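# An overview of the molecular structure
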Amino acid sequence: MENLIQQLRERRIAVTPQRLAVMAILKNRRDHPTADHIYQEVRRQLPAISFNTVYKTLEILCRRGMVIKVNPLHAVARYDGETGQHAHLICRQCHHIIDLDWEASEVPSLPAADLHGFQVEHPSLTFWGLCPRCQQPESPEED
Ligand SMILES: [Zn+2]
Ligand SMILES: [Zn+2]
């Protein structure tokens, strides 16, 4: 917890119980929860917290680089407390997300001409496919 407080302060984010609780949940979970998943969990510690507060907290943490929004091409954003370099395996059907270690040495460096003046902060690598469960043929419909 001390560590989290320090990280928030380093990024000039005011430390509140709500922000600490949301960060602690994201650091503990590796399933890339939605805002709603986080809301359901944080409510057990802070029963008065609103969904809106959780959502706004996540957006602030994203803007300050404490959290990454994993945006597979579907409507509901998934949030990641692991901001270190890593890749994702994503199931296109059930949207299950798995973290993969990805060594910095393997990151292709973009030639300056391709950067268009950007400072790259978070290269991301995603492998799309079907998880083992979604590869099972569907059971025939009963009538
Ligand atoms: Zn799946
Ligand atoms: Zn991740």
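Structure first, text after, so check above.
What counts and how
Residues numbered from 1 in each chain as written. Chains lettered and ligands numbered in written order. Predicted model: local features only at pLDDT ≥ 70, side-chain atom pairs only at ≥ 80, totals over all residues. Heavy atoms only, no water. Patch = residues over 30% accessible without salt bridge, like charges linked within 9 Å, V, L, I, M, F, W, Y side chains within 5 Å. Areas by Shrake-Rupley, 256 points an atom, 1.4 Å probe, with all protein chains shown as cover. Salt bridge = Lys/Arg side-chain N within 4 Å of Asp/Glu carboxyl O. Lys, Arg positive; Asp, Glu negative; His and termini not counted. Charge placed at Lys NZ, Arg CZ, Asp CG, Glu CD. Helix = DSSP H or I, 4+ residues; strand = E, 2+ residues; numbered from the N terminus. Buried < 20%, exposed > 50% of the residue type's maximum accessible area, 1.4 Å probe, protein only. Pairing = 2+ DSSP bridges. Core = buried A, V, L, I, M, F, W, Y, C linked by side-chain atoms within 4.5 Å. Contact = heavy atoms within 4.5 Å. Donors = N, O, S within 2.8 Å, 3.2 Å for Na, K, Ca; no water. Axes fitted to C-alpha atoms, helices over the stretch in contact; angles between N-to-C directions. Phe/Tyr/Trp six-rings, centres within 6.5 Å; stacked < 30°, edge-to-face > 60°. Parallel < 35°, antiparallel > 145°, perpendicular 65-115°, else oblique. Nonpolar A, V, L, I, M, F, W, Y, C, P; charged D, E, K, R; others polar.

## Some thoughts on a negative patch on the surface
On the surface, a cluster of negative charge is made up of E82, D101, E103 and E106. Along the chain, E106 turns up in the loop between β4 (97-101) and α5 (112-115). By relative accessible area, E106 is classed as exposed at 52%.

## Considering the pairing of strand β3 (residues 86-91)
The element β3 is extensively covered by neighbouring structure, given that 5 of its 6 residues are classed as buried. What sits between β3 and β4 in their antiparallel hairpin is a turn of 5 residues, with H95 showing a positive phi close to 65 degrees. Bridge analysis of β3 against strand β5 (residues 125-129) gives 5 bridges, and the strand direction is parallel. The partner of L89 across the bridge, within β5, is F127.

## Details of the nonpolar core
Ranked by internal contacts, the top residues of the largest apolar core, which has 24 residues, are I38, L58, L61, V67 and Y79. Of all elements in the fold, only α1 (2-10), α2 (17-28), α3 (35-45) and α4 (51-63) reach the threshold of two or more residues within this core. Among the elements that line this core, the one with the most residues is α2, at 7 residues. Leaving out residues up to four positions away in the same chain, L58 has contacts with V22, L26, A35, I38 and Y79.

## Thoughts on the coordination of the zinc ion (ligand 2)
Within the protein, the zinc ion (ligand 2) binds to H32 (NE2), D80 (OD), H86 (NE2), H88 (NE2) and D99 (OD); these donor distances fall in the range 1.9 to 2.2 Å. Along the chain, the residues that donate to the zinc ion (ligand 2) are spaced as H-x47-D-x5-H-x1-H-x10-D. Here D99 lies in strand β4 and H86 lies in strand β3, a separation of 13 residues in the sequence. The class of H86 is buried, set by a relative accessible area of 5%. A relative accessible area of 24% means that D99 is categorised as partly exposed.

## A word on the sheet that holds β3
Reading across the sheet, the 3 strands line up as β4-β3-β5 and stay open at both edges, with mixed pairing between neighbours. Each edge of the open sheet is held by one strand with a lone partner, namely β4 and β5. This sheet shows a mean twist of 25 degrees between the axes of neighbouring strands, independent of strand direction.

## Re the packing of aromatic side chains
In this structure the tally under the stated criterion is 2 aromatic pairs. Between Y39 and F51, the ring centres sit 5.7 Å apart and the planes meet at 85 degrees, which makes this aromatic pair edge-to-face. Of this pair, Y39 sits in helix α3 while F51 sits in helix α4, placing them 12 residues apart in sequence. Residue classification places Y39 among the buried positions, given a relative accessible area of 15%.

## A few points about the packing of α2 against α4
With their axes 10 Å apart at the nearest point, α2 and α4 run at an angle of 70 degrees to one another. When the axis of α2 is compared with that of α4, the two are roughly perpendicular. On α4, the residues touching Q18, R19, V22, M23 and L26 of α2 are T53, T57, L58, I60 and L61. Looking at side-chain class alone, the contact of α2 with α4 contains 6 nonpolar, 3 polar and 1 charged residues.

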